[in-house]
Amino acid sequence: MKIFYKSLTLSVLISFSVSSQQTNQESVKKDVEYLASEKLEGRFPGTNGEQLAANYIAEKFEKFGLTKLTDSYFQSFNFTLPSSPHEEVKFNQDTDTKINAKNIIAFIDNKKKNTVIIGAHYDHIGYGGQYSLDRGINEIHNGADDNASGTAMLLSLAKQLNNKNDLENNYLFIAFSAEELGLIGSRYFVNSDVFKKESINFMINLDMVGRLNAEKELSIFGVGTSSIFKQVVNSMNNNFKLKIIEDGTGPSDHTSFYNKDIPVLFFHTGSHENYHRPSDDVNLINYKGMSEISNYIIDIIDELETYNKLEFKETISNQPTVARFNVSLRVMPDYVFEGDGMKASQIIRGGPADDAGLIDGDVIIMLGENEVKDVYDYMNSLSKFEKGDSTKVIVLRSGKKLEFEVKF
């Protein structure tokens, strides 16, 4: 009889766990569908659509019972975009060109000494314009993967962690504005008065986590920024084909925290042909995959809870200083490519590379007289050219070297 009751109890627990996961998955789907809806018009920074998204996120934080870090969930600021690549973004200037934006911040105060930050940007690129990879198309870019997916996962993790007991860290959740325009929201936060560097343990960033593929490839950046990260992400993994990148910098908001000597982990399911296009929509999101990633991150957090405050490790030596450049091939790099050269994840239609005959998947190994071994060599090579210049590009395509003439 005892065996019967034990089996019954186990069956009830399994049934409850499955039901809970299904409920969470449905909630995530609902969040993505709202954030990537036509009503929000692509959530461009400073627009009414982004304001609707901000209100939605704040209402969720309040519903979950999370604490306000100040007197509001909103950290409001304005910024002015630079007129040239050699200028810096200016914050809180009284100008006609300023863009009003806000980060949304919520806190789980466990009365602990250290705090873990979990972040995701909630803005996107509106109707596209100069930020779209479909040039000349004036359509809403809903940004379901980029980054309604990360924002929805942020909300899911906030709810789950708020229901956990005996946590050894506080948890701070931040939905960043203006990431698409240059990590502006996260840069503003780490230079604001509410950022208390001495209490920050580590930062987790969620950006484009909605397109887990059939091979279950999951990229994790920043694994070298703490000596314990590699051990933990590998030991907790029994589901994914991990692409582990040690560097703490990259094209998302974790870079702002790495630059303040904070250990970071950035989760990303990879680029795809819908990136920065109107076709990045909800019907392409892998919600089951998102649930699996969310569970994996919870497992990582649970394991990191058993350690004291993590020590920061610098990885900048692996990423050379990138020179400023005034021209572009209009190529989207594959940042997780592990071979020699700069792999073009996508060739943007109508750009110099497209006009010259390059195609998606080409690996650039020479730009002019400059050898290209990685994306940083590629960007430094671009700095040697001006608009109107012509040069040769050598690529590897299916193992063969091909040479093209490009004009910037």
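Calculation rules
Residues numbered from 1 in each chain as written. Predicted model: local features only at pLDDT ≥ 70, side-chain atom pairs only at ≥ 80, totals over all residues. Heavy atoms only, no water. Buried < 20%, exposed > 50% of the residue type's maximum accessible area, 1.4 Å probe, protein only. Helix = DSSP H or I, 4+ residues; strand = E, 2+ residues; numbered from the N terminus. Pairing = 2+ DSSP bridges. Phe/Tyr/Trp six-rings, centres within 6.5 Å; stacked < 30°, edge-to-face > 60°. Contact = heavy atoms within 4.5 Å. Salt bridge = Lys/Arg side-chain N within 4 Å of Asp/Glu carboxyl O.

Trainee: Is there a simple way to think about the pairing of strand β12 (residues 363–367) in this case?
Mentor: For a regular strand, the rule is simple: side chains alternate between the two faces of the sheet. With respect to burial, β12 is a largely interior element, four of its five residues being buried. Here strand β11 (residues 342–347) runs beside β12; their pairing, made up of two bridges, is antiparallel. Its bridge partner being in β12, K343 is matched across the sheet by V363. Relative to strand β14 (residues 390–397), β12 runs antiparallel, the two sharing four bridges. Residue pairing for β14: L367 is matched across the bridge by V393. As paired strands, β12 and strand β13 (residues 370–371) are joined by two bridges and run antiparallel to one another. In the strand pairing of β13, L367 is matched with N370.

Trainee: What is the right way to read the packing of aromatic side chains from this model?
Mentor: The relation between two aromatic rings is expressed through the spacing of the ring centres and the mutual angle of the planes. Applying the stated criterion across every chain, the model contains 17 aromatic pairs. Here the aromatic rings of F77 and Y188 are separated by 4.5 Å at their centres, their planes lie at 15 degrees, and the arrangement is stacked. Residue F77 is found in strand β1 (residues 74–80), and its partner Y188 is found in helix α4 (residues 184–190); the two are separated by 111 residues along the sequence. On the basis of relative accessible area, F77 is assigned to the buried category, the value being 4%.

Trainee: Sorry, what's going on with unusual backbone geometry here?
Mentor: In this model, D146 is joined to N147 through a cis peptide bond whose omega is 0 degrees. If you trace the backbone, N147 turns up in helix α3 (residues 144–162). Even without glycine at this site, D166 takes up a positive phi of about 60 degrees. The residue D166 is located in the loop between α3 and β5 (170–176) in this model. Overall, D166 belongs to the exposed group, its relative accessible area being 73%. One non-glycine residue, R330, lies in positive phi territory at about 60 degrees.

Trainee: Would you mind going over the side chain of D134 with me for this structure?
Mentor: On the secondary structure map, D134 appears in the loop between β4 (115–121) and α3. For D134, a relative accessible area of 9% gives the class buried.

Trainee: Before we go on, may I ask you to explain the sheet that holds strand β2 (residues 90–91) in this structure?
Mentor: What holds strands together in a sheet is hydrogen bonding between their backbones, with the strands either parallel or antiparallel. Reading across from one edge, β2-β1-β3-β5-β4-β6-β9-β7-β8 is the order of the nine strands in this open sheet, with mixed pairing throughout. Whereas interior strands pair on both sides, the edge strands pair on one side only; in this sheet they are β2 and β8 (241–245). Judged from the seven bridges that link them, β4 and β5 form a sheet pairing that is parallel. Note that in β5 the partner of I118 across the bridge is F173.

Trainee: Help me out: how do you make sense of the environment of L265 in this one?
Mentor: Within the secondary structure layout, L265 lies in strand β9 (residues 264–268). Exposure remark for L265: the relative accessible area of 0% places this residue in the buried category. For the pair L265 and F79, spaced 186 residues apart in the sequence, the C-alpha separation amounts to 27 Å. The residues contacting L265, other than those within four sequence positions of it, are M203, I204, N205, I220, F221, G222, V223, F229, V233 and I300.

Trainee: Would you mind showing me how to read the pattern of salt bridges here?
Mentor: Side-chain pairs of opposite charge can arise whenever the charged atoms involved come near each other. Per the counting criterion, the structure on display carries 13 salt bridges. Here E168 ties to K112 by a salt bridge, and the two come within 4.0 Å at their closest N and O atoms. With a gap of 56 residues between them, E168 in the loop between α3 and β5 and K112 in the loop between β3 (99–108) and β4 connect regions that are remote in the sequence. Of the charged contacts in the structure, one is a salt bridge between E292 and K288, with a shortest N-O distance of 2.7 Å. With E292 and K288 both in helix α7 (residues 287–304), this residue pair falls four residues apart, about one helical turn. Taken together, the salt bridges that share partners define one network made up of K216, K288 and E292.

So, to be careful, I would describe these as geometric facts and stop short of saying anything about function.
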